[in-house]
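Fold and geometry: a report
So the chains spell out like this:
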Amino acid sequence: MSHSLPTWIERLLGVPAEPGEGTVWSLENSWNWPAWVTLLFVVFAVAVVVAIYLRENRQAPAWYRAMLAALRLGSVAIVLLMLTQLALLLHRTGLPYLVVLVDDSLSMTVRDPYDPPVAAQIQKRFEAAKPTTLSRWDLARALLLEKDAALLHRIKDGYKLRVYFVAGGESPASDVGKVTDELRTMEPRGESSRIGGAVRDILNELRGNAPAAILVLTDGINTDGPSLSEAATMARRKGVPLFLVGLGDDKPVRDLQLTDLLVDDLVFVNDVVDFEAKLSGSGFAGKELSVVLRRQGKPDILAETKVTPKADNQPQTVRLQYRPTEEGEFHYVVEVQPQEGELQTDNNRQERTVRVRKEQIRVLLVDSTPRFEYRYLRNLLARDTTIQLHTVLQEADIDHAGQDAAELPGFPVRREDVFRYDVIILGDVNPAMLSQDMLRNLADFVDQPGKGGSLVLIAGPRFMPLGLRDTPLARLVPVELGSARLPPLGQPLTEGFLVEPTELGLVSPPFQLGDTPAETREIWQHLPPLYWMLEAPDVKPAARVLAEHPSRTGHDGHHLPLIVLQYVGAGKVLFHAIDGTWRWRYRVGDVLFARYWIQMIRYLARSKLNEGDRSASLSADRREYGRGEVVHLRVRFADERLAPAADDGVSVVLEHAGHQTQRIQLHRSTFSRGVFEAQLSNLPIGSYHAWVAIPTLQGRAPATDFTIVAPPGEFQHLQRETAELKRAADMTKGRFYTVLDSARLIDDLPPGRQVPIESLPPKPLWNRWPLLLLLLSLLTTEWLLRKIGGMV
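Quick notes on the rules
Residues numbered from 1 in each chain as written. Predicted model: local features only at pLDDT ≥ 70, side-chain atom pairs only at ≥ 80, totals over all residues. Heavy atoms only, no water. Helix = DSSP H or I, 4+ residues; strand = E, 2+ residues; numbered from the N terminus. Buried < 20%, exposed > 50% of the residue type's maximum accessible area, 1.4 Å probe, protein only. Polar contact = N/O pair within 3.5 Å; in protein donor to acceptor, adjacent residues only side chain to side chain. Contact = heavy atoms within 4.5 Å. Pairing = 2+ DSSP bridges. Axes fitted to C-alpha atoms, helices over the stretch in contact; angles between N-to-C directions. Parallel < 35°, antiparallel > 145°, perpendicular 65-115°, else oblique. Left-handed = near helix turned anticlockwise from the far one by under 90°. Nonpolar A, V, L, I, M, F, W, Y, C, P; charged D, E, K, R; others polar. Salt bridge = Lys/Arg side-chain N within 4 Å of Asp/Glu carboxyl O. Phe/Tyr/Trp six-rings, centres within 6.5 Å; stacked < 30°, edge-to-face > 60°. Core = buried A, V, L, I, M, F, W, Y, C linked by side-chain atoms within 4.5 Å. Patch = residues over 30% accessible without salt bridge, like charges linked within 9 Å, V, L, I, M, F, W, Y side chains within 5 Å. Areas by Shrake-Rupley, 256 points an atom, 1.4 Å probe, with all protein chains shown as cover. Lys, Arg positive; Asp, Glu negative; His and termini not counted. Charge placed at Lys NZ, Arg CZ, Asp CG, Glu CD. Arc of directions from axis to C-beta.

Attention now moves to the side chain of His656. Among the secondary structure elements, His656 is positioned in strand 28 (residues 650-656). Among the residues examined, His656 registers a relative accessible area of 9% and is labelled buried. A polar atom in the side chain of His656 sits 3.3 Å from the side chain of Tyr688. Other than its neighbours up to four places away in sequence, His656 contacts Pro684, Ile685, Gly686, Ser687 and Tyr688.

A word on the pairing of strand 29 (residues 662-668). Where strand 28 lies against strand 29, five bridges are found, and the strand directions are antiparallel. Along strand 29, the bridge assignment pairs Ser651 with Gln665.

Right, let's get into the packing of helix 3 (residues 62-83) against helix 18 (residues 769-788). Axes are the key here: two packed helices are described by the angle between their axes and the distance separating the axes. Packing of helix 3 against helix 18 leaves a shortest axis separation of 9 Å and a crossing angle of 155 degrees. By the criterion of interaxial angle, the relationship of helix 3 to helix 18 is roughly antiparallel. Here the hand of the crossing between helix 3 and helix 18 comes out left-handed. Every residue of helix 18 that contacts helix 3 at Tyr64, Met67, Leu68, Leu71, Arg72, Gly74, Ser75, Ile78, Val79 and Met82 is listed here: Leu771, Leu772, Leu774, Leu775, Leu778, Leu779, Thr781, Glu782, Leu785, Arg786 and Ile788. Per-class residue counts for the contact of helix 3 with helix 18 are 15 nonpolar, three polar and three charged.

Turning next to the sheet that holds strand 21 (residues 500-501). Hydrogen bonds along the backbone pair up the strands of a sheet, which may run parallel or antiparallel. The strand order 18-17-19-20-24-23-22-21 describes an open sheet built from eight strands, whose pairing is mixed. Looking at which strands have only one partner, the edges of the open sheet turn out to be strand 18 (387-393) and strand 21. Against the sheet, helix 12 (residues 436-447) contacts strand 19 (423-426), strand 20 (454-458), strand 23 (559-568) and strand 24 (571-576), and its axis sits at roughly 135 degrees relative to strand 19. Set on the sheet, helix 15 (residues 590-605) makes contact with strand 17 (361-367), strand 18, strand 19, strand 20, strand 23 and strand 24; between it and strand 24 the angle comes to about 155 degrees.

Per the stated rule, a full pass over the model turns up 32 salt bridges. Here Arg585 and Asp590 are joined by a salt bridge, their closest N and O atoms 2.6 Å apart. A relative accessible area of 24% means that Arg585 is categorised as partly exposed. In this structure, a network of salt bridges that share partners links the residues Arg735, Asp741, Arg744 and Asp748.

Let us now look at the sheet that holds strand 9 (residues 255-262). Read across the open sheet, the three strands follow the order 9-11-14; overall the sheet is antiparallel. Of all the strands in the sheet, the pair left with one neighbour each is strand 9 and strand 14 (316-322). Each strand of the sheet is rotated relative to its neighbour by a mean of 30 degrees, with strand direction disregarded. Summarising the sheet, strand 11 (residues 273-282) and strand 14 pair through seven bridges and their orientation is antiparallel. Counted as the bridge partner of Val273 is Tyr322 from strand 14.

This part is about the packing of aromatic side chains. Evaluation of the coordinates by the stated rule reveals 15 aromatic pairs. Ring centres of Phe330 and Tyr332 lie 6.2 Å apart, and the angle between their planes is 55 degrees; this geometry places the pair in the tilted category. With relative accessibility at 3%, the residue Tyr332 sits in the buried group. Ring centres 5.1 Å apart and planes at 25 degrees place the aromatic pair Phe511 and Trp524 in the stacked group. Of the two residues, Phe511 sits in the loop between helix 13 (503-506) and helix 14 (517-525) while Trp524 sits in helix 14, which places them 13 residues apart along the sequence. Here Phe511 and Trp524 have matching classes, each one buried. An aromatic cluster is built from Phe511, Trp524, Trp584, Tyr596 and Trp597, whose rings are joined through pairwise contacts.

It is worth spelling out helix 16 (residues 722-731) at this point. Here helix 16 has its buried residues at Thr722, Glu724, Leu725, Ala728 and Ala729. In this structure, the buried residues of helix 16 make contact with strand 7 (213-218), helix 8 (228-237), strand 8 (242-246) and strand 33 (735-738). In the stretch just after helix 16, Lys733 is the one whose phi turns positive, near 60 degrees.

With that settled, the discussion passes to the nonpolar core. Here is a general trend for soluble globular proteins: nonpolar side chains tend to be buried in one another's company. Counting residues in hydrophobic clusters, the biggest one holds 47 residues, and the most contacted among them are Ile425, Ile563 and Tyr596. Here this core gets eleven residues from one element, more than from any other, and that element is helix 15. Excluding residues within four positions of it along the chain, Ile425 makes contact with Val363, Leu364, Leu365, Val366, Leu377, Leu381, Val456, Ile458 and Ile601. In this structure, Val102, Ile122, Phe243 and Leu247 belong to the second largest nonpolar core, which totals 40 residues.

Before going further, it helps to spend a moment on a positive patch on the surface. Taken together, the side chains of Arg200, Arg207, Arg236, Arg237 and Lys238 make up a positively charged region of the molecular surface. Note on placement: Lys238 falls in the loop between helix 8 and strand 8.

The next subject is a nonpolar patch on the surface. On the surface, Phe41, Val42, Val46, Val50 and Leu54 cluster together into a nonpolar patch covering about 360 Å² of accessible area. Mapping Leu54 onto the fold places it in helix 2 (residues 35-55).

Burial analysis of strand 9 places seven of its eight residues in the buried class, the great majority of the element. In the sheet, strand 9 pairs with strand 11 via six bridges, with the strands oriented antiparallel. Within strand 11, the position partnered with Leu258 by the bridge is Leu279.

Turning our eyes to something else, we now look at helix 14. For an α-helix, the turn length of 3.6 residues means that residues three or four places apart are oriented alike. Of all the positions in helix 14, only Thr520, Ile523 and Trp524 are classed as buried. The buried residues of helix 14 occupy an angular sector of 95 degrees when projected down its axis, which confines them to one face.

Relative to the helices and strands, Val418 resides in helix 11 (residues 415-419). When the C-alpha atoms of Val418 and Leu442 are compared, they prove to be 7.2 Å apart, with 24 residues separating the residues in sequence. Not counting residues up to four positions away in its chain, the partners in contact with Val418 are Phe411, Pro412, Ile424, Asn441 and Phe445.

It is worth spelling out the side chain of Asp274 at this point. Inspection of the secondary structure puts Asp274 in strand 11. In this structure Asp274 is buried but unpaired, with Arg319 as the nearest side chain of opposite charge at 6.0 Å. In terms of polar contacts, Asp274 uses its side chain to reach the side chain of Gln321, at 3.0 Å.

Put into structure tokens, the structure is as follows:
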């Protein structure tokens, strides 16, 4: 057991002491006997001495003999002390350390958009310190500097103050004045937050003299090294509580981000151009936002849509549609309107250059008879100046071709004559009137690499498409002909139905009948009904259903398809199970009928804009990613006819220095036939090089480079980590404070009790002259008293 040594004894023993230090003492002896032996010896000595004096000179008073026995026992005790070589052990004590750890990473520069009541309370709380802004760093500085650094002075009075910085190590200053001077001039500079690592470094540095507590001023964001919870585990083992002041706001930081903008590089004049991007952000869940399309340098809004984010950091697709009316090269900007409280707005926009061209599309329209679908479609296409139309009527009179400049005397026989068209539309054509060579030319027109023409098949009651079963065109039809059936002949059709676009159809350019997605959806719901349709319940695996019957289903429970698109080789095949789109002219003329067919033909012929361009590109949506972020790879073929026929026909080799090479399979985008995409997650840190391995392309394989970095960046995650700070405080039996309740912090700190600093050299007591003098005095006194009492 140790006891404090009075100051006068310290001076007597010559023990040095600094201000705030003290000395505790304890006794040490070399007596190695067990305690029970020592006690037995003491009892025996007392019994012998008492027995002796009880028998001697019984005429002397009892008190006199008891005094002599006490003197004798005192002498024996001193001898025993000398035999045990008793020594005084001294230990210097001092005030415990209390560490103040200040986060000076770059995330502390954030100026949080507090709610007005909270901002007012913070300004009032630090009114005397007058922080220039409400940045986290200024709040930390104000907390330490307010009232002439009262907090630091109170800590200095009860503890040994040590000040550390997360990025800069220990403060070189040795007193409060120098620390405050340093705080006034410092600015955050740490490119990563090592809060957990800083706490562990402090505990390791002071492992011989653990601090009474560690006071941490931070936002809790840890981007590198061990987490704060891991450091708290170590602090708990050492009995060091963590007192944490959380700076900043724990609400999600308000930020919006537009990424991954996808748009065709080349389009026709008056085409519907889709601008598709990903919108993500935080702090705006449930709030309606406006996303607009502009031309760079022009204030006019070309297109606008409203988006309501459902959850923070959950990307959602945003689509804007625009019809360019003039030819040229234009730089477009997609932008989400900046919102109040956003920390940064430079990520609210994406830009792309689009070339708009005006070209004539060569179309061949073929039918057996001039039925209504043929007549209205033929008149529509003939009036459009962007279309060069030729027609063939299989059952027309011989002299009909001479009466119509667009009419051909018969279906083109030569292969090159077929291949000169961009789109061929087959109505209710009689295959028997086409030779096998003509049918093969049609199949090659679609499927042959380098051509990739588009074929439209419009079902009819006589021949199409069931008449194609045993022809080279059968494999091009997007539905299974074996299960297809026509309505019963002669049965009147009185029940009308609407054409209902699928979700895929609604985002396809040909289906945009309105100027906005909402208007388009409304138009499709109110188009005049149709009556005739071919039932084709079985769709081929690679086909895409763009529209379906609203209520009738097939044997598999799916709605019957009405408009189906399929990629075949380098071309496209569009199948209409209906033949009454001319009914959409009811009371509105060609407005909707024309918009659908002109847009569809332009969409099918869009590849001709890049005809001859055999290039492809591989890109990542960014050059640098934080650890854990998803990497988006995209391969785009300039001429989509050159894209692989298979939806998974593109492979990319991913190289990472010092690691095994990976092969990544890309899948065709629903947005475009010539775009293939893949998402990569959980990639290790390092530099990557990706290149297209399949298909083999002319020249050098398309490639791209990107880097995965760590830490993910100081501004990747900005809200205060309240849960982590509270967890660390609870684990170590410390406390968590916000800025507003931090005034009571000083009263909650553990008391500054003296702690051992070092052991001083022992002071031997058994051979001290005062002890020998006392022994002689006791023996002399006893002899004199025995002499006087007649006991000698």
